[in-house]
Amino acid sequence: ADRPLTLSASTAMQPTTERLAAYAGALTHHPLPAATVHEAKLRIIDALGCAMAAYDAEPAIALRAMAAMDSSMTPATLLGGGMQTTPEAAAFANGVMVRFLDWNDTIMSVGSGHPSDLMPAVLAVAESRRGSGRDFLLGTTLGYELFNVIADQVNIRERGWAQGLFVVLGAVAAAGRL
């Protein structure tokens with residue numbers, strides 16, 4: 001009765017995981033329509049604006065101070081000051097700034113949420129992997145696509161879960177692609 005849960009290739013999620021990974025791996029810059037690129041840039045500007053508006057908030061200040069204690073051979077930058085730290089610390093501190101004021105984007109669907117919450121993780125991975133701005137844009141687009149497609153189909157709130165699940169799935173797919 002108290003056996004640990006073991007996952008194998010025969011688990012129900014395996015085909016879904018494989019499909020998500022194949023989709024993420026196949027996405028390139030070339031097929032992105034101009035309208036998609038334009039909308040992604042608007043979302044990026046919005047998220048950066050939210051981060052800068054929260055720059056002087058107490059949690060943002062505290063997290064930047066914590067991040068300053070870490071370094072990495074593959075660093076990422078904290079927004080608003082240029083200080084570099086580990087990708088994880090940058091994603092966390094930048095994510096708090098994007099989300100703190102709760103002004104960032106919202107989608108309203110079966111499973112609503114804030115897809116821009118995934119951007120700081122995508123930015124940290126893109127930078128730490130020496131990706132380009134186009135790579136960051138591709139990762140952001142991929143993260144949004146997965147967030148929105150899954151949120152359109154799955155109501156996780158009725159199961160007691162929050163939109164962070166969609167954020168993680170989008171961010172992981174984007175990070176894997178980058």
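Residues numbered from 1 in each chain as written. Predicted model: local features only at pLDDT ≥ 70, side-chain atom pairs only at ≥ 80, totals over all residues. Heavy atoms only, no water.

Q: Residues and numbers for the overall build of the protein, please.
A: Along its length, the protein carries seven helices and two strands. Reading the helices (α) and strands (β) of the protein from amino to carboxyl end gives α-α-α-β-β-α-α-α-α. Taken over C-alpha atoms, the radius of gyration comes to 17 Å for the protein, in line with the 16 Å a tight globule of 178 residues would show. Dimensions of the protein along its principal axes, counting C-alpha atoms only, are 50 × 45 × 35 Å. Burial statistics for the protein: of 178 residues in total, 39% are counted as buried. Across the protein, contacts joining residues at least 24 apart in sequence account for 63% of those joining residues at least 6 apart. Total accessible area on the protein stands at roughly 10,300 Å², and carbon and sulfur atoms take up 61% of it. (Helix = DSSP H or I, 4+ residues; strand = E, 2+ residues; numbered from the N terminus. Rg over C-alpha atoms; globule rule 2.2 N^0.38 Å. Buried < 20%, exposed > 50% of the residue type's maximum accessible area, 1.4 Å probe, protein only. Contact = heavy atoms within 4.5 Å. Areas by Shrake-Rupley, 256 points an atom, 1.4 Å probe, with all protein chains shown as cover.)

Q: An account of unusual backbone geometry is needed here, citing residue identities and associated values.
A: The phi dihedral of Asp102 falls on the positive side, at around 60°, and the residue is not glycine. Looking at Asp102, the relative accessible area reads 46%, which means it is partly exposed. Phi is positive for Arg130, which is not a glycine, with a value near 60°.

Q: Lay out the side chain of His114 in plain terms, naming residues and giving numbers.
A: Tracing the chain through its elements places His114 in the loop between helix H4 (87–99) and helix H5 (119–128). Classification of His114 as buried rests on a relative accessible area of 11%. In this structure the side chain of His114 is engaged in a polar contact, spanning 2.7 Å, whose partner is the backbone oxygen of Asp105. Apart from residues no more than four positions distant in its own chain, His114 is found in contact with Arg99, Asp102, Asn104, Asp105, Thr106, Phe147, Gln163 and Val167. (Polar contact = N/O pair within 3.5 Å; in protein donor to acceptor, adjacent residues only side chain to side chain.)

Q: Summarise the layout of surface pockets; cite the residues concerned and give the values.
A: Approximately 290 Å³ is the volume found for the second largest pocket. Mapped by element, the contributors of at least two residues to the lining of the second largest pocket are helix H2 (34–53) and helix H6 (133–153). Looking at the lining of the second largest pocket residue by residue, the classes come out as seven nonpolar, five polar and four charged. (1 Å grid on protein atoms, 1.4 Å probe; cavity = no way out; pocket = protein on both sides within 12 Å on 5 of 7 lines; lining within 4 Å. Points joined across faces, edges and corners; volume = space filled by probe spheres on them. Nonpolar A, V, L, I, M, F, W, Y, C, P; charged D, E, K, R; others polar.)

Q: Break down the packing of helix H1 (residues 14–26) against H6 for me, with residues and values.
A: It is at 10 Å that the axes of H1 and H6 come closest, and there the two elements cross at 150°. Taken together, the axis directions place H1 and H6 in an arrangement best described as roughly antiparallel. In the packing of H1 onto H6, the handedness of the crossing is right-handed. Contacts between H1 and H6 involve Leu20, Tyr23 and Ala24 from the first element and Leu142, Glu145 and Leu146 from the second. Split into classes, the residues belonging to the contact of H1 with H6 amount to five nonpolar, no polar and one charged. (Axes fitted to C-alpha atoms, helices over the stretch in contact; angles between N-to-C directions. Parallel < 35°, antiparallel > 145°, perpendicular 65-115°, else oblique. Left-handed = near helix turned anticlockwise from the far one by under 90°.)

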